[in-house]
Amino acid sequence: MRPAAIPLLFISLFLAGCGYVGPVVPPSPQIPAPVADLVVLERGDQLVITFDTPPRTTDNLAIKSFSNIDLRIGPAPTPFDFNRWAASAARYELPIPPPNDPDDPKPRPIEKILPVSEWIGKRVDVLVRTSVKRTGHYSQWSNRIVLDVIPPLDPPVVQAKATKDGYLLTWPAEPAASRYHIFRRRPTDKTPLEIGTADAAPYVDTTSQWDTAYIYTVIAQKDSAESPPSKPVSVESADIFPPAVPASITALAAPDSIEVSWSRSPDADL
């Protein structure tokens, strides 16, 4: 009896030590999630391309580092086909960002600047994809950017002067531009603030204050193309303008007096 009990006891202990580990899980394909925030701007004579790398794979695993970032630009076939486009598009390999924290991966911003000279007068498609494994395993292509590349827009030549209603900005028209963006900052500000847009000059900054120094720049735009910022123009002026002429004056006769009234002046310093 005792010799037969030893194998049974051994088998019982072995099975108890193994436990239940669940179904076999196949290894991760390590395919990154696709880039979803690709942005392409034509700025002067450059294409400025920005996006964030995905922090995780399609099966939600953290991406520590990438093996390849594949950016492509090229004319799109009609009807559009990814394979035909990718085969003829120009390919640009981008620098690999530093390794990520595997416990808390974050998107990494990427910027690439390319000359527009090769693409002027063409409609191009821009897409990007990433890879973790060196043998491939690319993500799906990113959001598709369709861009009509035009000759570079020149920066406006801006002049500014004080008027009663605020600082008046003028500049010669850029024939190809359809809109202008006006930026303002004070000498202590690190970045300019966009304060308005205009279809053409002039532009009056009615939100400015007297005895305050401002620096203005203007950018010309057409669709997704924009000029470099204009040369900064600095202005500072005291309020040297008389108040507005009183309006809506009325006189009401009373037995012993005449009551005169008028509209309140909009001037803040009156």
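Residues numbered from 1 in each chain as written. Predicted model: local features only at pLDDT ≥ 70, side-chain atom pairs only at ≥ 80, totals over all residues. Heavy atoms only, no water.

Novice: Sorry, what's going on with empty space enclosed by the protein here?
Specialist: Here the idea is plain: a probe the size of a water molecule rolls over the atoms and shows the empty space left. Using the criterion set out here, one finds one cavity of 30 Å³ or more in the structure. Quantified by volume, the largest cavity comes out at close to 30 Å³. Contributing to the lining of the largest cavity are I63, K64, S65, F66, P97, P98, N100 and R108. (1 Å grid on protein atoms, 1.4 Å probe; cavity = no way out; pocket = protein on both sides within 12 Å on 5 of 7 lines; lining within 4 Å. Points joined across faces, edges and corners; volume = space filled by probe spheres on them.)

Novice: Explanation requested: the sheet that holds strand β7 (residues 145–148) in the structure shown.
Specialist: Adjacent strands of a sheet pair through backbone hydrogen bonds, lying either parallel or antiparallel. An order of β4-β3-β6-β7 is seen for the four strands of this open sheet, with the pairing classed as antiparallel. Taken across any chain shown, the strands that pair with only one partner, and hence form the sheet edges, are β4 (90–93) and β7. Strand after strand, the sheet turns through a mean of 25° between neighbouring axes, direction not considered. Where strand β6 (residues 123–131) meets β7, four bridges bridge the pair, whose relative direction is antiparallel. (Pairing = 2+ DSSP bridges. Helix = DSSP H or I, 4+ residues; strand = E, 2+ residues; numbered from the N terminus. Axes fitted to C-alpha atoms, helices over the stretch in contact; angles between N-to-C directions.)

Novice: Just checking my understanding: could you explain the side chain of T130 for this structure?
Specialist: Assignment of secondary structure puts T130 in strand β6. Take T130: its relative accessible area is 0%, and that puts it in the buried class. In contact with T130, other than residues within four places in its own chain, are P32, V35, P54, F66, N68, I69, H137, Y138 and S139. (Buried < 20%, exposed > 50% of the residue type's maximum accessible area, 1.4 Å probe, protein only. Contact = heavy atoms within 4.5 Å.)

Novice: In this structure, what is going on with the environment of P99? I would like to understand it.
Specialist: Its location among the elements puts P99 in the loop between β4 and β5 (108–115). Separated by 36 residues in sequence, P99 and I63 have C-alpha atoms that sit 8.6 Å apart.

Novice: Can you help me understand the sheet that holds strand β9 (residues 166–170) in this one?
Specialist: Taking strand neighbours across the sheet as the criterion, the three strands line up as β8-β9-β12 in an open arrangement whose pairing is antiparallel. The two strands at the open ends of the sheet, each matched to only one other strand, are β8 (159–163) and β12 (203–205). Strand after strand, the sheet turns through a mean of 25° between neighbouring axes, direction not considered. Sheet topology note: the β9/β12 ladder contains three bridges and is antiparallel. When the bridges of β12 are listed, L169 appears paired with Y203.

Novice: What am I meant to see in the nonpolar core here?
Specialist: Generally speaking, nonpolar side chains in soluble globular proteins are found buried as a group. Ranked by size, the top nonpolar core spans 21 residues in total, and within it L38, V40, F51, L71, I73 and V126 carry the most contacts. Among the secondary structure elements, those contributing two or more residues to this core are β2 (46–53), β3 (68–75), β5, β6 and β7. Those residues in contact with L38 that sit more than four places away from it in its chain are I49, T50, F51, V126, L127, V128, S142, N143 and I145. Counting residues in hydrophobic clusters, the runner-up holds 15 residues, among them L169, A177, A198 and Y216. (Core = buried A, V, L, I, M, F, W, Y, C linked by side-chain atoms within 4.5 Å.)

Scope: geometric values only; no functional claims are made or implied.
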